Amino acid sequence: MTSALEKPVDALTRAEAKAELKRLAEEIAEHDKAYYEKDAPAVSDAAYDALRRRNDLIEARFSDLVRADSPSKRVGAAPSEAFDKVRHARPMLSLGNVFEDEELYEFVKRIRRFLGLEEDAPLGFTAEPKIDGLSASLRYEKGVFVLGATRGDGTEGENVTQNLMTVGDIPKKLKGAAPDVLEVRGEIYISHTDFIEMNVRQEADGKPQYANPRNAAAGSLRQIDPAVTAGRPLKFFAYAWGEVSAPLAETQYDAVQRLKKLGFKTNADMALCDRVEEMLAVYRGLEGKRADLGYDIDGVVYKANRLDYQERLGFVSRAPRWATAHKFPPEQATTVLEEIDIQVGRTGALTPVAKLRPVTVGGVVVSNATLHNEDEIARKDVRVGDTVIVQRAGDVIPQIVRAIEDKRPKRAKPYVFPTVCPVCGSHAVRDINPKTGKEDVVRRCTGGLICSAQTLERLKHFVSRNALDIEGLGAKQAEAFYTDGLVKEPADIFTLKARDEASLKRLKDREGWGATSARNLFNAIDARRTPELHRFIFALGVRHVGETTARLFATTYGSFEAFMTAMAAAADKDGAAYQELLAVDGVGETVANAVVEFFSEPHNLEAVERLLKEVAPQEAEAPVAEGAFSGKTVVFTGKLEQMSRDEAKAKALALGAKVAGSVSAKTDYLVAGPGAGSKLKKAEEAGVEVLTEEEWLEMARG
């Protein structure tokens, strides 16, 4: 029987699609953690893109199944602890991807539908190389460079101003007239020639060589000493902007040309296109001369040219609607699979990792690849000793495409996935979905709190950059404290100072520590005793609750006390609290049940209570926007005639409203278009104020 994992998206049943979205959300979250928090990616760009692509395709077909922790709602890398943090005036988001010509046609059609444009209405695009480097934002005031930052997690980046000052392509003072405030965005990169010379010097100095130009560029920019950065051959292409006090132009193309006149280096291969066929011609052309460009690119970026269209199209949580990246096909090589290693994650998931005989793929030496899960191993029939085709598109760690059976050793046997945890020896099981009766694709350790792999990973998650983000207490230090018995659960972090003062063996006396570093750590811990509500909720490590979902809960419930009280009440699934939980836009039964179960578990409650004796989570910030909808809960139903449902939701959020998926006692307004059904009836029964689309727009205009 064909599993959901093997099926094309258009062949999935609704139940299979729901299970697949759950699997993908968990797997991609694990990969994000490995890449962003540990700086140790477990998959190649191609493998990661394939997972995201499958997720996006399933969400497109089953739009009502989109999860609150969907990968489509996440972006970027957390800023490093080594630098001061900079909050971006406008978020620096990532791009969605297309891989096939048909997907590009659909991307353009989707824009036309959103804007309500006929098929023959003019709709121009820019097409430019997608530079494989490190995104950076440069702030100019009165024409003078004053602040430079990395993208970070899209909201907050690293302050690398002094390092960027050393990059020759970045003007310190702009030429001619410029807006009083101008944030220029672009890519830091290293050319092929300079990269080769860097590795020659590394080898001569007896130092490790860099894996690829992108990693070399990122490492060079993030040097603590700007003098080190100054000695690295960094370059910069400008292609976008953030905050501006006055418009640069009316189109993307003209705005980039103006950046060029102001003194920035822009890409000469940027082109204007009126039709998809022209966009594809640019893609084919760049693909053909990719090796001769002198720097790494991994695709082509298309952007709607008119800036007023960009403004109308706006953003989804992770990417702009008006732009996408057309990725190039991945590169492949052949090597031998020498071993399969099983790693245990924070949620107890057993993840198989292929240990490969080192091989160079696209100029990068790789030795590991993810095998995803036991179904994937069985489907591909990958065995230890097999000669395998591996594939990558930029990252060090590739995916295994397939085994070459006619080169298989005679003694090679089918891989038997372990049924016990390699860390604690507990049984490892695959849960049965009660609705479908099918096994989960992930096998998990049942050891729970006795499994050191899970306990430690949960502790690392708690202190991670997007959670509590305690300066000086990263994953490595948390592991050291855990190993030495100093910190076994989150509450222990906040009692560390008191216990240290009463101990004969002081922290300052540990190897690598001193009085100053110990004092700095205790101060950093104290600085996190009043964490932001969404960070605190995310830090608890509730299964299925990612950053986006945590923000939803913070915005909806306002305080942690109210959140806990509501979750306790929601244990009654026939009660109003559970229905209000499900009414949160983007929260489905899986997330709701996971949160309710977490707060119904006595040992979880005990751990949280111990933690709350040490910390006091802040209440969520009130909406910034002021007006009729600020802080109000709005539900949309029926067919909207003046804009799409997505555009309406985006507008409501921009006005400071909360958007819910169903009517509850906390609903303030129901915006009802033609064809409104049960939601309208429920709103009328509950006394919720009902608005027509025109009335809603009139109130929105103030």
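Note that this is a predicted model, so its numbers are computed, not measured. Residue numbering note: each chain is counted from 1, following its sequence as written. In keeping with the model being predicted, local features are shown solely for residues with a pLDDT of at least 70 and side-chain atom pairs are shown and tallied solely at 80 or more, while totals for entire chains, interfaces and linings include all residues. Note that water and hydrogens are dropped before the side-chain values are worked out from all heavy atoms of the structure.

**Observations regarding the packing of aromatic side chains**
Pairing of aromatic side chains requires ring centres within 6.5 Å, counting the rings of Phe and Tyr and the six-membered ring of Trp. Pairs whose planes differ by under 30 degrees are stacked, by over 60 edge-to-face, and all others tilted. A complete count under the given rule lists 21 aromatic pairs for this structure. Note on Tyr283 and Phe328: the rings are 5.1 Å apart at their centroids and 45° apart in plane angle, and the pair reads as tilted. In this pair, Tyr283 sits in helix α9 (residues 276–288) while Phe328 sits in the loop between β11 (323–327) and β12 (331–344), placing the two residues 45 residues apart along the sequence. Judged by centre distance (5.2 Å) and plane angle (65°), the rings of Phe629 and Tyr669 are edge-to-face. A residue pair is termed long-range when its members are at least 10 positions apart, and Phe629 in the loop between α21 (602–612) and β19 (633–637) and Tyr669 in strand β21 (residues 669–672) qualify at 40 residues. A relative accessible area of 10% places Tyr669 in the buried class. Secondary structure elements are taken from DSSP: a helix is a run of H or I of four residues or more, a strand is a run of E of two residues or more, and numbering for both begins at the N terminus. When a residue's accessible area, from a 1.4 Å probe over protein chains only, is under 20% of the maximum for its type it is buried; when over 50% it is exposed; and in between it is partly exposed.

**Things to note about the packing of helix α12 (residues 452–463) against helix α13 (residues 475–483)**
Here an angle of 0 to 180 degrees is reported between the N-to-C directions of two axes, which are lines fitted to C-alpha atoms, with helices fitted over the stretch in contact. Two numbers describe how α12 lies on α13: the axes approach to 9 Å, and their chain directions differ by 135°. One way to sum up the angle between α12 and α13 is to call them oblique. Of the two elements, α12 crosses α13, and the hand of that crossing is right-handed. When α12 is examined against α13, the residues Ser452, Thr455, Leu456, Leu459, Lys460 and Val463 are found in contact with a partner set consisting of Ala475, Ala478, Glu479 and Tyr482. By residue class, the composition of the contact of α12 with α13 is six nonpolar, two polar and two charged. Roughly parallel covers angles under 35 degrees, roughly antiparallel covers those over 145, roughly perpendicular covers 65 to 115, and oblique covers all other angles. Each crossing gets its handedness from the near helix: less than a right angle anticlockwise from the far helix is left-handed, clockwise is right-handed. By the convention used here, residues are in contact when the closest approach between their heavy atoms is within 4.5 Å. Only Asp, Glu, Lys and Arg are considered charged, only Ala, Val, Leu, Ile, Met, Phe, Trp, Tyr, Cys and Pro nonpolar, and every remaining residue, Gly among them, polar.

**Quick word on the nonpolar core**
Side-chain atoms within 4.5 Å are what join buried Ala, Val, Leu, Ile, Met, Phe, Trp, Tyr and Cys residues into a set we call a nonpolar core. Judged by nonpolar contacts, the single largest core of 56 residues is most densely connected at Ile493, Phe553 and Phe560. Looking at which element gives the most residues to this core, the answer is helix α20 (residues 589–600), with six residues. With sequence-adjacent residues up to four places away left out, Phe560 is seen in contact with Leu533, Phe536, Ile537, Leu540, Phe599, Val608, Leu612 and Pro617.

**Some details on the sheet that holds β11**
Pairing is mixed across the open sheet formed by five strands, whose spatial order is β2-β11-β10-β3-β9. Edge positions in the sheet fall to β2 (96–98) and β9 (271–273), since each has one partner strand and no second. Mean inter-strand twist for the sheet, computed between neighbouring axes without regard to direction, equals 35°. Both strand β3 (residues 125–131) and strand β10 (residues 297–304) contribute to a ladder of six bridges, which runs antiparallel. Across the sheet, Ile131 pairs through a bridge with Ile297, a residue of β10. Any two strands with at least two DSSP bridges between them are considered paired.

**Some details on the sheet that holds strand β22 (residues 689–691)**
Sheets are built from strands that pair by backbone hydrogen bonding, the pairs being arranged parallel or antiparallel. Here we have four strands laid out as an open sheet, ordered β20-β19-β21-β22, and parallel in their pairing. Lying at the two open borders of the sheet, with one neighbouring strand each, are β20 (658–660) and β22. The mean inter-strand angle of the sheet, taken between neighbouring strand axes irrespective of direction, is 30°. Sheet strands in contact with helix α23 (residues 678–686) are β19, β21 and β22, and its direction is about 145° off that of β21.

**So, the packing of helix α19 (residues 576–583) against α20**
It is the contact of α19 with α20, at a shortest axis distance of 9 Å, that shows an interaxial angle of 130°. When the axes of α19 and α20 are compared, the pair comes out oblique. In this structure, the crossing between α19 and α20 has a hand that is right-handed. Contacts from Tyr578, Leu581 and Leu582 of α19 reach α20 at Glu589, Ala592, Asn593 and Val596. Of the residues belonging to the contact of α19 with α20, the class tally is five nonpolar, one polar and one charged.

**Regarding the pattern of salt bridges**
What counts as a salt bridge is simple: a side-chain nitrogen of Lys or Arg found within 4 Å of a carboxyl oxygen of Asp or Glu. Counted by the stated rule, this structure contains 47 salt bridges. Note that Arg67 and Asp69 form a salt bridge whose closest N and O atoms lie 2.9 Å from each other. The two residues Arg67 and Asp69 agree in class, both being buried. For Glu374, the salt bridge identified is with Arg443, shortest N-O distance 2.7 Å. You can see Glu374 sitting in helix α11 (residues 374–380) and its partner Arg443 sitting in the loop between β17 (428–429) and β18 (444–445), a full 69 residues away along the chain. Overall, Arg443 belongs to the buried group, its relative accessible area being 13%. The network of salt bridges with common partners includes Arg139, Glu141, Glu183, Arg185 and Glu243.

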